[in-house]
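Residue-level structural notes
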Amino acid sequence: MKKAIFSILICSAAAMAFTSCSKVGNTESNSNAESSVTEETTAAVEAETAEATEKPTERVKDIQTGDDFMYEIIDGEAVITEYTGSSDEVEVPAEIEGAPVTKIGTYAFEAEYDITSVTLPESITLIAEGAFMDCSSLESINIPEAVGGIDRGAFVACTSLAEITIPANVQYIREEAFTACEAMTSLTINNPDIAYENWGLEELPELTVYAEEGSVVAQWAEGMGKFSAQ
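Let me begin by describing the structure that accompanies this report. Predicted model only: the values in this text are computed from it and were never measured.

Each value, and the rule that gives it
Positions within a chain are numbered from 1, following the residues in the order the chain's sequence is written. Under the rules for a predicted model, residues below a pLDDT of 70 receive no local features and side-chain atom pairs below 80 are neither given nor counted, while totals for whole chains, interfaces and linings still include all residues. For the side-chain quantities, the full set of heavy atoms in the structure was used; hydrogens and water were omitted. In plain words, nonpolar cores are sets of buried Ala, Val, Leu, Ile, Met, Phe, Trp, Tyr and Cys residues tied together by side-chain atoms within 4.5 Å. With a 1.4 Å probe rolled over the protein chains alone, any residue whose accessible area is under 20% of its type maximum counts as buried; one over 50% counts as exposed, and the rest are partly exposed. Numbered from the N terminus, helices here are DSSP runs of H or I no shorter than four residues, and strands are runs of E no shorter than two. Throughout, a residue-residue contact means that at least one pair of heavy atoms, one from each residue, lies within 4.5 Å. DSSP bridges decide pairing: two strands pair if at least two such bridges lie between them. Salt bridge, as applied in this entry: a Lys or Arg side-chain nitrogen positioned within 4 Å of an Asp or Glu carboxyl oxygen. In summary, the pairing rule links any two rings of Phe, Tyr or Trp, Trp by its six-membered ring, whose centres are within 6.5 Å, and it sorts them by plane angle into stacked for under 30 degrees, edge-to-face for over 60 and tilted for everything else. Handedness of a crossover: with both strands directed away from the viewer, a clockwise path from the first strand across the helix to the second marks it as right-handed.

1. Some remarks on the nonpolar core
- Phe109, Phe132, Phe155 and Phe178 are the most contacted members of the largest nonpolar core, which totals 53 residues.
- Contributions of two or more residues to this core are made by strand S2 (69-74), strand S3 (77-83), strand S6 (99-104), strand S11 (163-166), strand S13 (186-189), strand S14 (208-211) and helix H2 (216-224).
- A total of 4 residues in this core trace back to one element, the largest contributor, which is H2.
- Beyond its immediate chain neighbours, meaning those up to four positions away, Phe109 contacts Phe69, Ile80, Tyr83, Val90, Val92, Ile104, Ile115, Ala131, Phe132, Met133 and Cys135.

What follows is the structure, encoded as structure tokens:
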């Protein structure tokens, strides 16, 4: 009988010891798991904070004032940023401070209501967004052969502009470029492969698009009922 009781006590003690060890093991395991999660969370927060604070470096603009134009020289090339003159017939210079004028900047001539004509130099390669927006008296403007692109809304609401010719080097014309050019009757496009990007031509009932027959331009112009072969 004593042996039996002694055996029971030993078994009970062993069971309690095993339970205690299990609890300690579980506690250590949970503690390690919590520590790992905390470290991962901290690392993620630090990474997000570092990403948020790494802002791209913004170029400091250096706008200069000339006789009739405000301009900026970037990488040796001049950009017209604003027209400040009073003439209704504007001639943009080919050079400023020895730098070739290559770009008519964003909204550079916006709402110059009295301008009737603009002559651009052959050095121009880009006409930026809204460059001639709301020049409601503008009747004539040349697009130089070196121009490679005409950005969004460049001639929006040039309501007196009757005709314009797009040189072969122009690779794109962005949306709304000719929206509300109500007087436009002739648009000559010398790049046969230029794609149509909602320039606003559908709203111009008197417009005829002149282009090479069988070209990409001819296809979309025919779809509008505005095509005529050159």
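2. Section: the sheet that holds strand S9 (residues 140-141)
- The 3 strands are arranged S4-S7-S9 in an open sheet whose pairing can be described as parallel. Two strands lie at the open edges of the sheet, namely strand S4 (89-91) and S9, each paired on one side alone.

3. Here's the deal with unusual backbone geometry
- Phi at Tyr107 takes a positive value of approximately 55°, unusual for a residue other than glycine.
- Position of Tyr107 relative to the elements: it lies in the loop between S6 and strand S7 (117-119).
- For Tyr107, a relative accessible area of 32% corresponds to the partly exposed category.
- The phi torsion at Asn198 lies on the positive side, around 55°, for a residue other than glycine.
- As for its position among the elements, Asn198 is in the loop between S13 and S14.
- On the basis of relative accessible area, Asn198 is assigned to the exposed category, the value being 52%.

4. Things to note about the environment of Ser228
- With respect to the helices and strands, the residue Ser228 is situated in strand S15 (residues 227-229).
- When the C-alpha atoms of Ser228 and Ala211 are compared, they prove to be 6.7 Å apart, with 17 residues separating the residues in sequence.

5. Focus: the pattern of salt bridges
- Evaluated as defined, the whole model comprises 3 salt bridges.
- Across the salt bridge formed by Arg152 and Glu176, the nearest N and O atoms sit 3.5 Å from each other. Note that Arg152 is positioned in the loop between strand S10 (149-150) and S11 and Glu176 in the loop between strand S12 (172-173) and S13, a separation of 24 residues in sequence.
- Since its relative accessible area comes to 38%, Arg152 is described here as partly exposed.
- Three or more residues joined by partner-sharing salt bridges are found here, namely Arg152, Glu175 and Glu176.

6. A few points about the packing of aromatic side chains
- By the definition in use, this model includes 10 aromatic pairs.
- Ring geometry for Trp199 and Trp220: centres 5.1 Å apart, planes at 80°, overall edge-to-face. One end of the pair, Trp199, is in the loop between S13 and S14; the other, Trp220, is in helix H2, with 21 residues separating them in the sequence.
- When its relative accessible area of 14% is taken as the criterion, Trp220 is described as buried.

7. Observations regarding the pairing of S14
- Here S14 shows one buried face, formed by Val209 and Ala211, and one open face, formed by Thr208 and Tyr210.
- Sheet topology places S13 next to S14; 3 bridges connect them, and they run parallel. Looking at S14, one finds that Ser186 is bridged to Thr208.
- Pairing of S14 with S15, which is carried by 3 bridges, proceeds in the parallel orientation. Within S15, the residue paired with Tyr210 across the bridge is Ser228.
- The parallel pair S14 and S15 is bridged by H2, and the resulting crossover is right-handed.

8. Here's the deal with the environment of Leu201
- Assignment of secondary structure puts Leu201 in the loop between S13 and S14.
- Leu201 sits in the buried class, given a relative accessible area of 0%.

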